[in-house]
Amino acid sequence: MASADDIIRAGWPPRSVFLDYPLGHTTGRSGAADEQYDIVRQAMAAFDTAAEPGQMVSLDYQWSADDAWRSAAADTSAGDQRAPRDETPRYQYEADREAAEAAGR
Amino acid sequence: MPVEYIKSITDRYERLGYPAYKWYRAEEPPPWTALKKPISESRIGVLTTAGAYVKGQVAFYYKDDTSYRAIPKSTAAADMRFSHITENYLPDARRDSNCVVPLEPLRRLEDEGAIGELADDVLSCMGGIYSQRRVHQELIPALAARYREQAVDAVFLVPL
């Protein structure tokens, strides 16, 4: 799957399926079960149909009627959006840390 | 026009005074291996780079974590968690993990016979590793070994 067209093309995978959505929705919108199913179904079908090395199949889905999300995604004025880099596991919930420690991991 | 992520991230780093990010660029065409059988008869492995883990597993850390997690394919969306350095891409996945780790769609396709079989575990890694050397020398060989153990016919890669 691919939603960052230029990054995926730079990596040149043998075959790929492009969904033109904002990053973080590589297999569809949150809560849209039928859409997610159709996207993954088409991706699986592409395994059977892709015939040329590097072929990228584009899916016919549109995130929104306007392009405001593209401007936001390409906006370079924001600061660094990465979290600090260290070797501390970053649990989504504190309870996850307790669960992992209880499991002896 | 698709969003130009490489250009926008390169511009942002330059403006912030960071060293230039060295994007991976393949220099040769990809190796091509035709599928030996249709997907409806194949065993499919899955890789997510969203830093997904299941409650009870150790989360990923953000400084070049080259480990991976094996997530049982029966995992409920409610038990899926995410730890990825670009947390700004995670809010929707944390509401519904299927938008980046599509386990429910894949299980449905398996039930319907469109996929021969899903491997027992989805493999999950951290997509934000700043050392190409460590990805090549540590992560990729470990993942490849696990896929060989799973005896998969193809791997479905889902980046964040």
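Because the structure is a prediction, the values reported are computed rather than measured.

**Describing the overall build of chain B**
- Each helix and strand counted, chain B has four helices and seven strands in total.
- Traced from its N-terminal end to its C-terminal end, chain B shows the element sequence α-β-β-β-β-α-α-β-β-α-β.
- With respect to the principal axes defined by its C-alpha atoms, chain B has extents near 50 × 40 × 35 Å.
- Relative to its full complement of 160 residues, chain B shows a buried share of 33%.
- Put simply, 74% of the contacts in chain B that link residues at least 6 apart link residues at least 24 apart.

**Brief notes about the interface of chain B and chain A**
- In this assembly, 61 residues from chain B lie in contact with 53 residues from chain A.
- Listed by contribution, the elements that provide at least two residues to the side of chain B that touches chain A are helix H1 (5-16), strand S4 (80-82), helix H2 (91-95), helix H3 (103-112) and strand S7 (154-158) of chain B.
- By residue number, the principal contributor to the side of chain B that touches chain A is H1 of chain B, which donates seven residues.

**Topic: H3 of chain B**
- Listed as buried for H3 of chain B are Leu 103, Pro 105, Leu 106 and Leu 109 of chain B. Taken end-on, H3 of chain B shows its buried residues confined to a sector of 165 degrees, consistent with a single buried face. Among the exposed residues of H3 of chain B, those oriented more than 90 degrees off its buried face are Asp 111 and Glu 112 of chain B.
- Where H3 of chain B is buried, its residues touch helix H2 (33-49) of chain A together with strand S1 (43-48), strand S5 (117-118) and strand S6 (121-125) of chain B.
- Two residues or fewer after H3 of chain B comes Gly 113 of chain B, characterised by a positive phi angle close to 90 degrees.

**Some points on the packing of H2 of chain A against H3 of chain B**
- As a packed pair, H2 of chain A and H3 of chain B sit with axes 9 Å apart at the nearest point and diverge in direction by 60 degrees. Seen along the crossing, H2 of chain A lies across H3 of chain B with a hand that is right-handed. Across the interface between the two elements, Ala 33, Gln 36, Tyr 37, Val 40, Arg 41 and Met 44 of chain A from H2 of chain A touch Glu 104, Pro 105, Leu 106, Arg 108 and Leu 109 of chain B from H3 of chain B.
- Tallied by class, the residues present in the contact of H2 of chain A with H3 of chain B amount to seven nonpolar, one polar and three charged.

**Overview of the pairing of strand S1 (residues 15-18) of chain A**
Residues and elements named next belong to chain A.
- Pairing of S1 with strand S2 (residues 55-58) involves four bridges; the strand directions are parallel. In the sheet register, Phe 18 faces S2, and the bridge partner there is Ser 58.
- Where the polypeptide runs from S1 across H2 and back to S2, its parallel neighbour, the crossover connection is left-handed.

**Things to note about the confidence of the model for chain B**
- Chain-level pLDDT for chain B is 95 on average; 100% of the residues reach the 70-or-more range.
- Across the assembled chains, the prediction reports ipTM 0.96 with pTM 0.96.

**Brief notes about the environment of Arg 134 of chain B**
All names here are of chain B.
- Relative to the elements of secondary structure, Arg 134 occurs in helix H4 (residues 132-150).
- Here Arg 134 falls in the partly exposed class, since 14 other C-beta atoms lie within 10 Å of it.
- A C-alpha to C-alpha distance of 8.1 Å links Arg 134 and Asp 64, two positions 70 residues apart in sequence.
- The contacts of Arg 134, once residues within four sequence positions are left out, are Asp 64, Thr 66, Ile 129 and Leu 139.

**Concerning the environment of Pro 72 of chain B**
- On the secondary structure map, Pro 72 of chain B appears in strand S3 (residues 68-72).
- With near-sequence residues (within four places) excluded, Pro 72 of chain B lies in contact with Asp 120 and Asp 121 of chain B.

**Notes on unusual backbone geometry**
- Residues other than glycine seldom take positive phi values, yet Trp 12 of chain A does so here, at roughly 55 degrees.
- Structurally, Trp 12 of chain A is set in the loop between helix H1 (5-11) and S1.
- Accessibility expressed as a C-beta count within 10 Å gives 16 for Trp 12 of chain A, which makes it partly exposed.
- In this model, Asp 64 of chain B sits at a positive phi of 55 degrees, which is unusual for a non-glycine residue.
- Relative to the elements of secondary structure, Asp 64 of chain B occurs in the loop between strand S2 (52-54) and S3.

Calculation notes
Residues numbered from 1 in each chain as written. Chains lettered and ligands numbered in written order. Predicted model: local features only at pLDDT ≥ 70, side-chain atom pairs only at ≥ 80, totals over all residues. Helix = DSSP H or I, 4+ residues; strand = E, 2+ residues; numbered from the N terminus. Buried ≥ 20, exposed ≤ 12 C-beta atoms within 10 Å, placed from the backbone. Contact = placed C-beta atoms within 7 Å. Arc of directions from axis to C-beta. Axes fitted to C-alpha atoms, helices over the stretch in contact; angles between N-to-C directions. Left-handed = near helix turned anticlockwise from the far one by under 90°. Nonpolar A, V, L, I, M, F, W, Y, C, P; charged D, E, K, R; others polar. Pairing = 2+ DSSP bridges. Right-handed = clockwise from strand over helix to strand, strands pointing away. pLDDT = per-residue confidence, 0-100.

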